[in-house]
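# Commentary on secondary and tertiary structure
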Amino acid sequence: MNTRADLIAFLDAHGVAHSTLDHPAVFHVGEGEEFKAALPGGHTKNLFLKDAKGQLWLVSALGETRVDLKRLPAAIGSAKLSFGSAALMEEALGVTPGSVTAFALINDAERRVRFVLDAALARADPVNFHPLVNTATTAVSQAGLRTFLAALGVVPLIVDFAALDVSNDSNRA
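Please read these numbers as outputs of a predicted model, since none were measured by experiment.

Reading the values: the criteria
Residues numbered from 1 in each chain as written. Predicted model: local features only at pLDDT ≥ 70, side-chain atom pairs only at ≥ 80, totals over all residues. Heavy atoms only, no water. Helix = DSSP H or I, 4+ residues; strand = E, 2+ residues; numbered from the N terminus. Buried < 20%, exposed > 50% of the residue type's maximum accessible area, 1.4 Å probe, protein only. Contact = heavy atoms within 4.5 Å. Phe/Tyr/Trp six-rings, centres within 6.5 Å; stacked < 30°, edge-to-face > 60°. Core = buried A, V, L, I, M, F, W, Y, C linked by side-chain atoms within 4.5 Å. Arc of directions from axis to C-beta. pLDDT = per-residue confidence, 0-100. Axes fitted to C-alpha atoms, helices over the stretch in contact; angles between N-to-C directions. Parallel < 35°, antiparallel > 145°, perpendicular 65-115°, else oblique. Nonpolar A, V, L, I, M, F, W, Y, C, P; charged D, E, K, R; others polar.

With that settled, consider the environment of isoleucine 8. For isoleucine 8, the location among the structural elements is in helix α1 (residues 4-13). Looking at isoleucine 8, the relative accessible area reads 18%, which means it is buried. It is 9.6 Å that separates the C-alpha atoms of isoleucine 8 and serine 19, two residues lying eleven residues apart in sequence. In this structure, isoleucine 8 is in contact with His18, Thr20 and Thr138, ignoring residues within four places of it in sequence.

Okay, here's the thing in structure tokens:
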């Protein structure tokens, strides 16, 4: 599996400008607000999901976006969704809980994971993701994210999560 250094080398090799801030480990959205304030752009939440048919999904959204897991299957064409296990995440994406990130798609050589990108995050510039570890945050431009994905052969499915949001739904991430 690729490491943080491998990811940075990949970004460099594909001409993707980036900057990385090292920080204490962050495990959940809402942690690390003090250093996030120093980083412009969209901060992300990333969900590793598995549907009832065994398809794997990675959802990247703005940190404040509500992801309705009941409505999401209809929007992305999946079966019922649940969170993937830590072992499956490590096998498929080479990262552990707290470190899941769009950059982990670099480790999905078999292209088992379908990538869903929040429409609001697709408009943010720059975007901030963990570089395969949760002790740093790497910023790339929106064009840089698209270059990264194209280099991997990944075409994101862009979903407007705001349009799926319904108030008072308890099945959200």
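Moving on, there is more to tell.
If you walk through the whole model with that rule in mind, you get three aromatic pairs. With a centroid separation of 5.2 Å and 90 degrees between ring planes, the pair formed by phenylalanine 103 and phenylalanine 148 is classed as edge-to-face. Within this pair, whereas phenylalanine 103 is found in the loop between α4 (86-93) and β5 (113-118), its partner phenylalanine 148 is found in helix α6 (residues 142-152), the two being separated by 45 residues in sequence. By relative accessible area, which is 0% here, phenylalanine 103 ends up buried. An aromatic cluster of at least three residues, connected via ring pairs, comprises Phe10, Phe103, Phe129 and Phe148.

One finds Phe48, Leu93, Leu105 and Phe148 to be the most contacted residues of the largest nonpolar core, which totals 35 residues. Where this core is concerned, the elements lending two or more residues are α1, β3 (56-62), α4, β5, α5 (119-123), β6 (127-129) and α6. Dropping the residues within four chain positions of it, leucine 105 is found in contact with Leu58, Leu93, Arg111, Val113, Phe115, Leu149, Leu152 and Val154. Grouped together as the second largest cluster of nonpolar side chains are 14 residues, Leu47, Val59, Leu72 and Leu164 included.

Among the residues making up α6, those that are buried are Gln142, Gly144, Leu145, Phe148, Leu149 and Leu152. Buried residues of α6, viewed axially, fall in a sector of 160 degrees; they line one side. Turned more than 90 degrees off the buried face of α6, the exposed positions are Ala143 and Ala150. Among the structural elements, α1, β5, α5, β6 and β7 (136-140) are those in contact with the buried residues of α6. Following α6 by one or two positions, glycine 153 has its phi on the positive side, about 80 degrees.

Moving on, we get to the confidence of the model for the protein chain. Mean pLDDT over the protein chain stands at 89; residues scoring 70 or higher make up 87%. Low pLDDT, under 50, characterises residues 166-172; the predicted model gives this stretch 15 contacts beyond four residues in sequence or across chains.

Attention now moves to the packing of α1 against α6. Direction vectors running N to C along α1 and α6 enclose 100 degrees, while the axes themselves pass 10 Å from each other. With respect to their mutual orientation, α1 and α6 come out roughly perpendicular. Here Leu7, Phe10 and Leu11 of α1 lie close against α6, whose contacting residues are Phe148, Ala151 and Leu152. When grouped by side-chain class, the residues that make up the contact of α1 with α6 number six nonpolar, no polar and no charged.

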